[in-house]
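Structural features, examined
Each chain, written out:
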Amino acid sequence: MASEISERPALAGTADNGLKIVVVGGFGVGKTTMVRSVSEIRPLNTEETMTKAGEAVDDLNGVGTKSATTVAFDFGRITLDARNVLYLFGAPGQERFWFLWDRLFAGTLGAVVLVDTRRLADSWYAIDRLEHHGTPFVVACNDFGGPAHTEAQVREALDLPPEVPLLRCDARARESSKTVLITLVEHLARLRQAPELIP
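The following paragraphs examine the structure supplied in this document. (Residues numbered from 1 in each chain as written. Predicted model: local features only at pLDDT ≥ 70, side-chain atom pairs only at ≥ 80, totals over all residues. Heavy atoms only, no water.)

**Some remarks on the pairing of strand β1 (residues 17–25)**
- In this structure, β1 lies alongside strand β5 (residues 84–90), joined through seven bridges in parallel fashion. Counted as the bridge partner of L19 is L86 from β5.
- Where β1 meets strand β6 (residues 110–116), five bridges bridge the pair, whose relative direction is parallel. Among the inter-strand pairings, V22 is bridged to a residue of β6, identified as A111. (Pairing = 2+ DSSP bridges. Helix = DSSP H or I, 4+ residues; strand = E, 2+ residues; numbered from the N terminus.)

**Regarding helix α5 (residues 124–133)**
- Looking only at α5, the buried set comprises A126, I127, R129 and L130. The arc that holds every buried residue of α5, seen down its axis, measures 165°, which confines them to one face.
- Just downstream of α5 lies G134, where phi reads positive at about 70°. (Buried < 20%, exposed > 50% of the residue type's maximum accessible area, 1.4 Å probe, protein only. Arc of directions from axis to C-beta.)

**Thoughts on the nonpolar core**
- Within the largest apolar cluster, 23 residues are counted, with the highest numbers of intra-cluster contacts made by V24, V113, F137, V139, L158 and L160.
- For this core, the secondary-structure elements that each account for two or more residues are β1, α4 (101–105), β6, α5, β7 (137–142) and α6 (151–158).
- Apart from the residues lying within four places of it in its own chain, the contact partners of L160 are I127, F137, V139, R155 and L166.
- If you look at the next biggest cluster of nonpolar residues, it comprises 20 residues, including V23, V35, A171 and V180. (Core = buried A, V, L, I, M, F, W, Y, C linked by side-chain atoms within 4.5 Å. Contact = heavy atoms within 4.5 Å.)

**Some points on the pairing of β7**
- Among the six residues in β7, six count as buried, and that is most of the element.
- Bridge analysis of β6 against β7 gives six bridges, and the strand direction is parallel. By the bridge assignment, D116 is partnered in β7 with N142.
- Considered for its hand, the β-α-β crossover made up of β6, α5 and β7 is right-handed.
- Bridge analysis of β7 against strand β8 (residues 166–169) gives four bridges, and the strand direction is parallel. (Right-handed = clockwise from strand over helix to strand, strands pointing away.)

**Thoughts on the side chain of T135**
- Along the polypeptide, T135 turns up in the loop between α5 and β7.
- Not counting chain neighbours up to four residues away, the residues in contact with T135 comprise T108, G110, A111 and L130.

**Considerations on the environment of T33**
- Along the chain, T33 turns up in helix α2 (residues 31–38).
- By relative accessible area, T33 is classed as partly exposed at 30%.
- Distance from T33 to D74, taken between C-alpha atoms, is 9.6 Å for residues 41 residues apart in sequence.

**Digging into the side chain of N142**
- Turning to its location among the elements, N142 is positioned in strand β7.
- At 3.0 Å, the side chain of N142 forms a polar contact with the backbone nitrogen of A171.
- Discounting chain neighbours no more than four positions away, the residues touching N142 are V29, G30, L114, V115, C169, D170 and A171. (Polar contact = N/O pair within 3.5 Å; in protein donor to acceptor, adjacent residues only side chain to side chain.)

**A short note on the packing of aromatic side chains**
- Tallied over the full model, the rule gives two aromatic pairs.
- Pairwise contacts between aromatic rings join F75, Y87 and F89 into one cluster.
- One residue, K20, lies across the ring of F89, its end atom 5.0 Å from the ring centre. (Phe/Tyr/Trp six-rings, centres within 6.5 Å; stacked < 30°, edge-to-face > 60°. Lys NZ or Arg CZ within 6 Å of the ring centre and 35° of its normal.)

**Topic: the environment of M34**
- Its place among the elements puts M34 in helix α2.
- C-alpha of M34 to C-alpha of V23: the two residues are 11 residues apart in sequence and 8.3 Å apart in space.
- Here M34 is in contact with V23, V112, L114, C169, A171, S177 and V180, once residues within four sequence places are set aside.

**Here we look at the sheet that holds β6**
- Pairing within the open sheet is mixed, and its six strands lie in the order β4-β5-β1-β6-β7-β8. If you trace the sheet from one side to the other, it starts and ends with β4 (74–79) and β8, each paired once. Geometrically, the sheet is characterised by an average inter-axis angle of 25° between neighbouring strands, direction not taken into account.
- Relative to β7, helix α7 (residues 174–193) is tilted by about 160°, and along the sheet it contacts β1, β4, β5, β6, β7 and β8. (Axes fitted to C-alpha atoms, helices over the stretch in contact; angles between N-to-C directions.)

So this is what it looks like as structure tokens:
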């Protein structure tokens, strides 16, 4: 065990810039999975086992096999370079935990809205809150093997303006999740050059 630890590259103790990104979306869309797939550290998860008592409170349609749920937030880290570190926060998806979102949004550079195309309506609240806070975001459709929707159909269903990037992803795959984050960073860079595009 000690040899395994010593072989891992040491993380920098400090960074000049800590950049915060939040992953939001409906219940069971893959937020925890995305944070786990890209984090260079073992992510902090606040998952608890789902109980019978929660069935009366949470809408379990489309997430019948889910056995645990985030009750506060997920946290992961990615080192970009010697001076910049990306901090990822995954927000809980159930409506009863939405009161935490506004605090998670404080100091956020941008956000990823993760979407299950089988349950598009579950994403409306996330988009509404981000627009209310003026937080730039991208939308990523996580692949659950449901019916295929065209980009135009998803944009219409979510009322997404053309300047908001929309892409498909597999939150389980590191490279796919990295592509989502890179798309967000590129979107943020474009907005800095043309701030009039911010809603």
